[in-house]
Structure formats: C-alpha cells, structure tokens
Amino acid sequence: MSGSVVDNTVSSGNSSAAIPTDISGQILDLDEDDDLEVFSKDTTLTDGSSLNASMQTSSASMINQYKFEEEEEDADTKDIFVTVDNPESHVTAIETYITYRVETKTTRSEFDSSEFEVRRRYQDFLWLKGRLEEAHPTLIVHPLPEKFVMKGMVERFNEDFIETRRSALHKFLNKIAEHPIFSSSEDFKIFLTAGSGELTSHKKQGPGFLSRMGETVKAVAAAVRGVRSRPQEFTDMQEYVEAFSQKISSIDKVTQRIVREQKEYLEELKECGPTYALWSQSEEELAEPLKNVAGCVDKCCKETDEQVKHLNDHLIPVLHEYVLCADTLKAVLRRRDNIQADFEAKTEALATKKADRDADSKVLSLAWGSLVGRSPEEVKQQKQQKLKGEIKEMRDELDKTEDRLEWANNALKSDWTRWQKGMRTDLRSAFIDTAERNVSYYEKCLAVWESFLQSQRTDAEGNGNVDFS
Amino acid sequence: MSRTREVTLCSLYSLPVVFVGIKPPELKKTISPFALNFQLGNFADICIEYCDSVDQNLQMVEKGTSLLKKMEISVAEAEKRTGKNAVNMQETYTVYLIETRPVDAASEGTNPVPDSLWRRYSEFEQLRNYLLVTYPFLVVPPLPEKRAEFVWHKLSADNMDPDFVERRRVGLENFLLRVASHPDLSTDKIFYSFLTEENGWKETVFETGFQAKADSRLKALNATFRVKNPDKRFAEMKHYGDELQSVISQLLRVRARAADRLYGVYKVHGNYGRVFSEWSAIEKEMGDGLQSAGHHMDAYAASVDDILEEEEHYADQLKEYLFYADALRAVCRKHELTQYELEMAAQDLTSKKQQREELATGTIRTFSLKGMTSKLFGQETPEQREAKLKMLETQIEEGEELVKERNGECEEFVKSAWVDIERFKEQKDHDLREALISYAIMQISMCKKGIQVWNNAKECFSKM
C-alpha cells in the first residue's frame, strides 16, 4: 500500500465525502477535520448514503486506519456476533419466499442496543451486497450464494437447498462483520437492526435509477476504452486471479465427482450386507460369522454415508464460495481498471484542451467574430477566457479522479492482502477438516472390523481351534 | 514351505519373508494357500501364532494322507506356448509347471532339484473328469474357473492376461493340494501319474475309458426323473448346494460392482494431486503444503490397485466354493440316480411278480397286451402258459438279484457319500470362516492405509 499523501490543496466547496461514506467513530485515530475535504461531490460515483453522511476523513488516515485494524484484528477483539438461522416460509398473494432470522449481539457503541433480531430475505442480502460494492468498488465483498442452482434442478424450497443457502448467508454476514471497513457501513447497521418497514424505506433512498444508469454507461465506456498503463502489480493480480479461478473450479469439480463416485459405491455396498445375511440363513456353523460380517458391512455403509454428507456439507460449500470469490476478484480488478481508464481519458482530454489554448488563433473564429461585429482582439480574448475556465474545471475533475484512483488502488491492495490471508485460512481449515474426517471414517471402519476379528478369536479359543488373525 | 506359498505371501505384502525348515501345514484342515494372511504391523504376533498353528498341524500330519507325507506338490510357474491344435491351427496356450519333491529330503536341509513336468489346463480338466466318474460318491475338488467371470472393469477377462494366469496358477496348485489331501482321492494311481509321468499319461487315462463314462454321467445328471424315496439328508444337501451356489454368485456379483466403484473413488483423488500441484505454482506461502498434499493424494489413488488385487484372492476363495457347490450337487444327483435305478428295478420286479401271479391264478388284474390279444385271439395253450411262467420265474430271479445288487449299491453309495459330505462340510465351514477372517484383515489393512495417507495429508494441509 502506498503511503502517498493525498493532495489536500483541492479546493473545498462541496459537501460530503464520496468515498468512504460513513466511517463510524469506532475507528480510532480518526481525523475528524471537517475542513479537510479531499473528495468533493462526484456525481459519477453515486453515494446512496449521502443523506446519512456523517464523518469525513482523509483518505490517507483512512488507509492508515485500515492497516492498523488489520494488525489489531484477532478473535479476542471481536465485538459483534451475527447469526443467520431459522428459515421460515412466507406466503403472499403474489409470491412465496423464505426469510431468515438474523440475530446480532454487539458491544459497539454506535448500535443503540446490544441485541437485535430481524428477519431478512435473500433479496435483502442482495441489496446489502450491492450497496457495499457501490460504496467500495475496489474492495472485495464476500460472495453471496447464488440465486438459484440450475444443475440438479434443485427446488427453491428444498430443505437441503435452504440449509446450504442459510449457511452461506451466515458466512457472508460474518465476513462483512469481520471486515474493517464494511462492518462500519451504515447500510450494514441498518440491515442488522432495522424493522422491515424501516429497511424498505431506507432502500428507497438509494441513488435514482437514472443516475445508476449513467454510472453504468460511463463504466461501459471506460471498459471499452481500456487501460493504457496498468501498474505491474495489478497485472500480476489479474494473472493470479485467472489461474486461481481455474484451479479452484477444478478442485470444486473434482470434489463433486468424488461425492458422486462415493454415492455410487455406497449404493453397491448397501447390497453386500443383506447378501451375507441371506447366506447365513442357509448355514449352521457359518451362520454366526456371516451374520457378523453382514453387520460389519452395514455399519461401514453408515459410516460411508456420513462421510459423504460431511464432504457435501462442509468442503463443497467452501470451495464453491471461493469459486464465486474468483469472479468477485475479476470484477473488482475490472472496476479498478475502469477508474484508471477514466483517469487516463480525462488526462488526455485536459492535454488536448491545453493544446487548444496554446494554439494560434484560428481563422474561423476571427471570421465569425467579424460577422458578429467584434474585433479580432475581442474574439481572441473571449476565446482564451472560455478555455481558461474549461481547463480549470477539467483540472479539478482530473484531480478528483486521480485521488479516486489512488484511493481505489490502495484500498484494493490492502484488501487484497486481507483476502489472501482469509482465503488461506478458510481453505486450509476446510482441507484439514476433510482430512480429519477421512481419518475418522477409516478409524471407525477399522474398529468395526477389528471387533469382528475379536469375536472370531474368542469363538475359536472357545472351540479349541487356532485362529490366524 | 512350498515356494508358491512363499511367493504368494511375499507378493501380497512385499515382505522379504522366507520360511526355512517349516513343514507345509497339513492340509487336512484344508487351509487354502491364500488364507494365510498377515496383518500389517502385527507381524511378530502372527509369526508366533503361525508357528503355533504349524505345530498343531505337524501333529496332524500323522493323520494326514500318505501322499502328502511323501511329497511336496506345487505349481511353480506358468509359460506361454504356441503349437498346432487338433484342427491344425496355430494356437497360443499356457502350460503350468508341476513340481514334486520328496518331503524327507527337504526336511534334511538339502534341497534337491524337484521333479517337474508341464501340464496345460485341458489336462487338468481331463484328470478331474476322470476323478468325477471314478469316484461319483465323493465331492471332487473343483478347478479354477475356465473363463474369468464376475470381473469388474479394470480386471481383464482375457485368459492370456498375466494376472489371470497367475491367479489360475495358484488355483491349480490349490486343486492339486486338495486332491492330495483327500483320504481317498490321494491314493488314485492316475492322479499320481498325472503328477509324475510327463509322457504317456494321456494314453493311460484314456485307457480307463473314463471319457465314455463322463458323457453318460453328464447325460444322467441332466435327465429329469422322479425319485419316490430319496434319502432326506441328500435332498437337503442338494437344496443347500443350490442355495449356496445362488448366494455366492450374488455375492461375487455385488462385490465386483462395489470394487469397480471403489476404484473410481480412489482414482478421482488422483486429480487432486494434479490440481494441487498446478495450484501450488501460483501460491507463495501455500505452495509447499499444497504440493506435498498433492503427492499424498497421488499415493492414495495408487493404493487402490493393491487393495483390489488382495480382494481378488478373497473372490477366488468364494469362487472355489461356488464350484464346490456344483460338485456337492452332483453327488446328491448321483444318489438320486442310484435310488431311481433301484426303484425302477424294484418296480419292475413287482410287476413281473404280479404277472406271474395272474398267470398262475388265471386272473387278469392288470392290463396287458398279452391279455388283450388272448381275449381277442383266444386263450393260450397250457404249454404256452408253462413256458411263459418259466420265463417269468427266471426274470423274477434275475430281478431279485438286480434289486439286491442295486440296493447294495445304493446303501454303499449313501454310506461313502455321506462320510465325504460330512468331511466336506467341516472343510467348508473352516475354510469359509478363514476366508471371512482374511476379508476382515484386508479391510483393516485398507483402513490403516487410509488413516496413514489422510494423516499425512492433514499434516501437509496444516503447513499451507
């Protein structure tokens, strides 16, 4: 993260901060100097919470704060606990949908109370994600579970699907709560605490549809323009994300294949036990060991079933999350690129204007001037004044964009490090968990067969035979 | 210790084990060579247990067959040969090396070169067919399967496949040892010359005329007839044989399918190895942990080959008893046949006696063509009647002889067959129990391997 200090000489004049929006007083070392305005109102970057904008902060201190928090962050300082559970189905005249209970327990001072319980539906989570992404285009928001799963034609109201979704939503909110910047978002607070009516009205206060359209158009234009001189580190990031995306998708697919094969193995194994049991019915001496073996095989079947379930419920969701993460990362890098492209375009435009100003007076304007009845000198003066004004405006715009770009780059860089750490932790613990589960599976099966051997051994000793076991 | 068994054990567990000076376990208890399995890691205990059991078995050698007391038998090798067959076409076939070695020489520490000869599978078949017709009251040990059945996808159904040939070699040795340990079969001269006479055996066996008997036996076995008074025990045994055949077939089928699936599960984990390796290339801190975890995934995927090869041995043990069930049914069928023939002879005698009575008293109680014709064409002359009566008397005498004979045969058959069936039952109970135990040991071994691999992987993941 660069330690660059933002140019504070930009003229103040307009009001609220564009990015970041509402940093709660929770963050220490906050430079609450209202006069120090870095970001003037930028209409190209809509800020939905502008009405709630409270604090303003310099980006430099913001960035320092981020880093500070990162080092401080550990389990002991966790002061907000969010749970998602208790899915319930709601039926209205128009639709049927599921809501989830979201419970928050916190000691943070900006919350009015220490416990909150609200009900939220998937749409609400989507809204929150959208808001966070808008407010922080180059920060990494943990992915939400997908809208619907096409493969396997899973019903929306299927129990397993609901549980999978609930678990993913729970993780989503917890990732937000752990994030130094997101967790202080006003939208997040409202999401956790507002009654459904309050939430609906708050949602309506977003940027108008048209302005959002304008944003999209500009984004497309920027994308088309492309980035000229992307810093190497972001190119490296892009390459990494491409490769990571491929690998994590492969691992996801391999794991799903393993689950499929295990299920098919289980189907066949389920027939073994009953066959041994059937055989035992024809036998006398052998009846007991055969029945015993049948029992052992059945027990192993149960263990295999549990093991498959565990894979499905624990490893696969995590892998899936990170497949979605890869897409999020790609989007974040794209948005950063767009900001840079925007900056580059404006730089070019300014240069062109300046060239215009320095160019010799044009014949055309003189001709026009004489038509209108002004002297060539007058026309030239007017022209120069106009250009000077335009250049000033563009200069201001460019500076704002430059700051925006720098902020975006720094935010991305530090969040990138944070994300990598989180990815490493999550995947490592998921794999360790899976390995442990597999060990436990084999240990349980081992015990089953060893008890069989034991029973045969005691049997043999009873009969005076020697057993090779 | 026969080399075969040594090799089997070594190949199973890659243990450099050599048993020197230990007599082959007496096979009256009929331990099939592949029932001797060892738990990985409990080797010391097993050694002691094994030696103990050998001691016990050594005591039993005294009760063993005289053949096995004299010689060690093994099927040591298999080789491919090409030659011209009966229709003068080139064919490739496999021959097996039968080695015999006098027992005393081995125990004295000297190791003379064994006598040996080559035989192909068809010759084994001839030997068995001979034994079947010569000892119809015995449950004759079966040969390993002619064609690979109950295969799962990776296993080849090709007779020339080296794994199939190897399993067949072991099965053929097992067959020979089973015959050699049977109290009656082991004394057979043809069997002895099969083991010892390379040339001329074929002619010798053909001279016994067994081929014709074999054909008629087959026909008789497949004929349908109703027996009025079969021995209950044999009827039950036949029913048991049917059930055994059915349930073992089912078990083999299910097992093969499960093996197929298990193979799939393990092999897919190999993909983890590949992807982890590729992924580790783009990671800095996670790279090493991922890379080494990937190696363990590869090892896991590879481990299934050995696991399933071991399971094939278990399947072979089951198959032996699948085919044994057939032999058991054949004995029961033979009993039915002898019983049927006795009943037919008795029936015939009864009807002849009745005819005599009718002729003597002049009453016609039974319908006969003679009766009809005599009604139509007039009564016979007293001379004719006399002649007829005389003939009947002779026939009745002969019939009574026949019935006595057949009765004797029947009783004899029932007696000897039941003795062998009891022997077979004991052997079967013992062997199959051993097989189940060895199956459990295999499962334990598989679980231990799994635990090891995943513990290693977990360690690598922790370093991620």
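Going by the annotation in an unreviewed UniProt entry, the name recorded for chain B is Sorting nexin-4-like, with Sinocyclocheilus grahami given as the source organism. Quoted verbatim from the Sequence similarities (unreviewed entry) field of UniProt, the annotation for chain B is "Belongs to the sorting nexin family."

Taking an unreviewed UniProt entry as the reference, chain A is identified by name as Sorting nexin-7-like belonging to Sinocyclocheilus grahami. UniProt, in the comment section headed Sequence similarities (unreviewed entry), describes chain A in these words: "Belongs to the sorting nexin family."

### A word on the overall build of chain A
In terms of regular secondary structure, chain A is built from ten helices and three strands. Each helix and strand of chain A, ordered N terminal to C terminal, gives the series α-β-β-β-α-α-α-α-α-α-α-α-α. Counting only carbon and sulfur atoms, one obtains 51% of the accessible surface of chain A, whose full area is about 23500 Å².

### Topic: the nonpolar core
The biggest cluster of nonpolar side chains holds 123 residues, and the ones touching the most others in it are A:Tyr276 and B:Trp279. When contributions to this core are tallied by element, the ones reaching two or more residues are helix 7 (232-280), helix 8 (287-358) and helix 10 (376-463) of chain A together with helix 10 (232-280), helix 11 (287-361) and helix 13 (382-462) of chain B. For this core, the leading source of residues is helix 13 of chain B, giving 23 residues. The two domains that each donate at least three residues to this core are domain 2 (64-214) and domain 3 (218-365 + 384-464) of chain B. Filtering out sequence-adjacent residues up to four positions away, A:Tyr276 remains in contact with A:Leu290, A:Val293, A:Ala294, A:Val297, B:Leu251, B:Tyr314, B:Leu436 and B:Tyr439.

### Focus on the packing of helix 6 (residues 162-180) of chain B against helix 11 of chain B
Residues and elements named next belong to chain B. Following both chains from N to C, one finds helix 6 and helix 11 inclined at 45°, their axes separated by 12 Å at the closest point. The orientation of helix 6 with respect to helix 11, classified from their angle, is oblique. The handedness of the crossing between helix 6 and helix 11 is right-handed. Each of Arg167, Asn174 and Arg178 in helix 6 lies in contact with helix 11, whose residues at this interface are Glu312, Asp316, Lys319, Glu320, Tyr321 and Tyr324. The residue inventory of the contact of helix 6 with helix 11, partitioned by class, reads two nonpolar, one polar and six charged.

### What about helix 10 of chain B?
Residues spaced three or four apart along an α-helix point in a common direction, a consequence of the helix completing one turn every 3.6 residues. Between the first and last C-alpha of helix 10 of chain B there are 72 Å, a value that for 49 residues agrees with the 72 Å anticipated at 1.5 Å per step. Measuring from the side-chain oxygen of the N-cap residue of helix 10 of chain B to the backbone nitrogen of B:Arg233 gives 2.8 Å; that N-cap residue is B:Asp231.

### Examining unusual backbone geometry
Although it is not a glycine, A:Asn86 adopts a positive phi angle of roughly 55°. Tracing the backbone shows A:Asn86 in strand 1 (residues 80-91). When its relative accessible area of 37% is taken as the criterion, A:Asn86 is described as partly exposed. Here B:Asn88, not a glycine, exhibits a phi torsion of approximately 60°, which is positive. Looking at where B:Asn88 falls in the secondary structure, it is placed in the loop between strand 1 (71-84) and strand 2 (90-102).

### Side note on the UniProt feature "coiled-coil region" (unreviewed entry) in chain A
Under the feature "coiled-coil region" (unreviewed entry), the UniProt entry names residues 377-411 of chain A. The span residues 377-411 of chain A shows a helical share of 100% and a strand share of 0%, and its end C-alpha atoms are spaced 51 Å apart.

### With respect to the sheet that holds strand 2 (residues 96-106) of chain A
All names here are of chain A. Strands sit in the order 1-2-3 across an open sheet of three strands; the sheet is antiparallel. Each having just a single partner strand, strand 1 and strand 3 (115-121) make up the two edges of the open sheet. Averaged over all neighbouring strand pairs, the angle between strand axes comes to 20°, with direction disregarded. Relative to strand 3, strand 2 runs antiparallel, the two being bridged by seven bridges. Looking across to strand 3, one finds that Thr99 is bridged to Arg121. Sheet contacts for helix 2 (residues 122-135): strand 2 and strand 3; angle to strand 3, the most-contacted strand, approximately 105°. Relative to strand 1, helix 3 (residues 159-178) is tilted by about 145°, and along the sheet it contacts strand 1 and strand 2.

### Structural notes on the sheet that holds strand 2 of chain B
Residues and elements named next belong to chain B. A sheet is described by the order of its strands in space; here three strands give the open sequence 1-2-3, paired in antiparallel fashion. Each edge of the sheet is formed by a strand with only one pairing partner; in this case those strands are strand 1 and strand 3 (115-120). Going across the sheet, the axis of each strand differs from the next one's by a mean of 25°, ignoring polarity. Relative to strand 3, strand 2 is paired through six bridges, and the arrangement is antiparallel. The partner of Thr100 across the bridge, within strand 3, is Asp115. Strand contacts of helix 5 (residues 121-134): strand 2 and strand 3, with the helix running at about 90° to strand 3, the strand carrying the most contacts.

### Points about the interface of chain A and chain B
You'll often see interface size given as the accessible area lost when the parts meet. Taken residue by residue, the interface counts 57 residues in chain A and 61 residues in chain B. For the pairing of chain A and chain B, the buried interface totals around 5900 Å² over both sides, and the portion due to carbon and sulfur atoms is 70%. The interface formed by chain A and chain B contains eight salt bridges. Measuring nitrogen to oxygen at the nearest pair gives 2.7 Å for the salt bridge that ties A:Glu264 to B:Arg261. The interface formed by chain A and chain B contains 16 residue pairs in polar contact (both at pLDDT 80 or more). When residues of the side of chain A that touches chain B are traced back to their parent elements, those giving at least two are helix 7, helix 8 and helix 10 of chain A. Per-class residue counts for the side of chain A that touches chain B are 32 nonpolar, ten polar and 15 charged.

### Some words on the packing of aromatic side chains
For the structure on display, the rule yields 31 aromatic pairs over all chains. Between A:Phe125 and A:Phe191 the ring centres are 4.9 Å apart and the planes differ by 70°, which places this aromatic pair in the edge-to-face class. Pair noted here: A:Phe125 is in helix 2 and A:Phe191 is in helix 4 (residues 186-193), with a separation of 66 residues, a long-range link. The class of A:Phe191 is buried, set by a relative accessible area of 0%. Where B:Phe206 meets B:Phe210, the ring centres are 6.1 Å apart and the plane angle is 25°; that geometry is what we call stacked. With a relative accessible area of 42%, B:Phe206 lands in the partly exposed category. Classification of B:Phe210 as buried rests on a relative accessible area of 1%. Cluster of aromatic residues (ring-pair linked, three or more members): A:Tyr240, A:Phe244, A:Tyr322, A:Trp416, A:Trp419, A:Phe431, B:Tyr272, B:Phe276, B:Trp279 and B:Phe461.

### Digging into the domain arrangement of chain B
All names here are of chain B. Domains assigned within chain B are domain 1 (1-55), domain 2 (64-214) and domain 3 (218-365 + 384-464). Between domain 2 and domain 3, the C-alpha centre-to-centre distance is 21 Å. Taken together, the contact between domain 2 and domain 3 spans 24 residues of the former and 32 residues of the latter. Summing both partners gives a buried area of about 2300 Å² for domain 2 against domain 3, and 62% of it is carried by carbon and sulfur. By the criterion of area lost to domain 3, the three top residues of domain 2 are Val139, Phe150 and Trp152, representing 33% of everything that side buries. On the surface where domain 2 and domain 3 come into contact, there are five salt bridges. The partner of Arg178 in a salt bridge is Glu320, and the shortest N-O contact between them spans 2.6 Å. Here domain 2 is connected to domain 3 by ten residue pairs in polar contact (both at pLDDT 80 or more). Examining the composition of the side of domain 2 that touches domain 3, we find that three residues originate from one element, helix 6, more than from any other.

Cut-off values and rules
Residues numbered from 1 in each chain as written. Chains lettered and ligands numbered in written order. Predicted model: local features only at pLDDT ≥ 70, side-chain atom pairs only at ≥ 80, totals over all residues. Heavy atoms only, no water. UniProt positions renumbered as here; feature names shortened; annotations may be inferred. Helix = DSSP H or I, 4+ residues; strand = E, 2+ residues; numbered from the N terminus. Areas by Shrake-Rupley, 256 points an atom, 1.4 Å probe, with all protein chains shown as cover. Core = buried A, V, L, I, M, F, W, Y, C linked by side-chain atoms within 4.5 Å. Buried < 20%, exposed > 50% of the residue type's maximum accessible area, 1.4 Å probe, protein only. Domains from an automatic or database assignment. Contact = heavy atoms within 4.5 Å. Axes fitted to C-alpha atoms, helices over the stretch in contact; angles between N-to-C directions. Parallel < 35°, antiparallel > 145°, perpendicular 65-115°, else oblique. Left-handed = near helix turned anticlockwise from the far one by under 90°. Nonpolar A, V, L, I, M, F, W, Y, C, P; charged D, E, K, R; others polar. Expected span 1.5 Å × (residues − 1). Polar contact = N/O pair within 3.5 Å; in protein donor to acceptor, adjacent residues only side chain to side chain. Pairing = 2+ DSSP bridges. Buried area = accessible area lost by both parts, 1.4 Å probe. Salt bridge = Lys/Arg side-chain N within 4 Å of Asp/Glu carboxyl O. Phe/Tyr/Trp six-rings, centres within 6.5 Å; stacked < 30°, edge-to-face > 60°.

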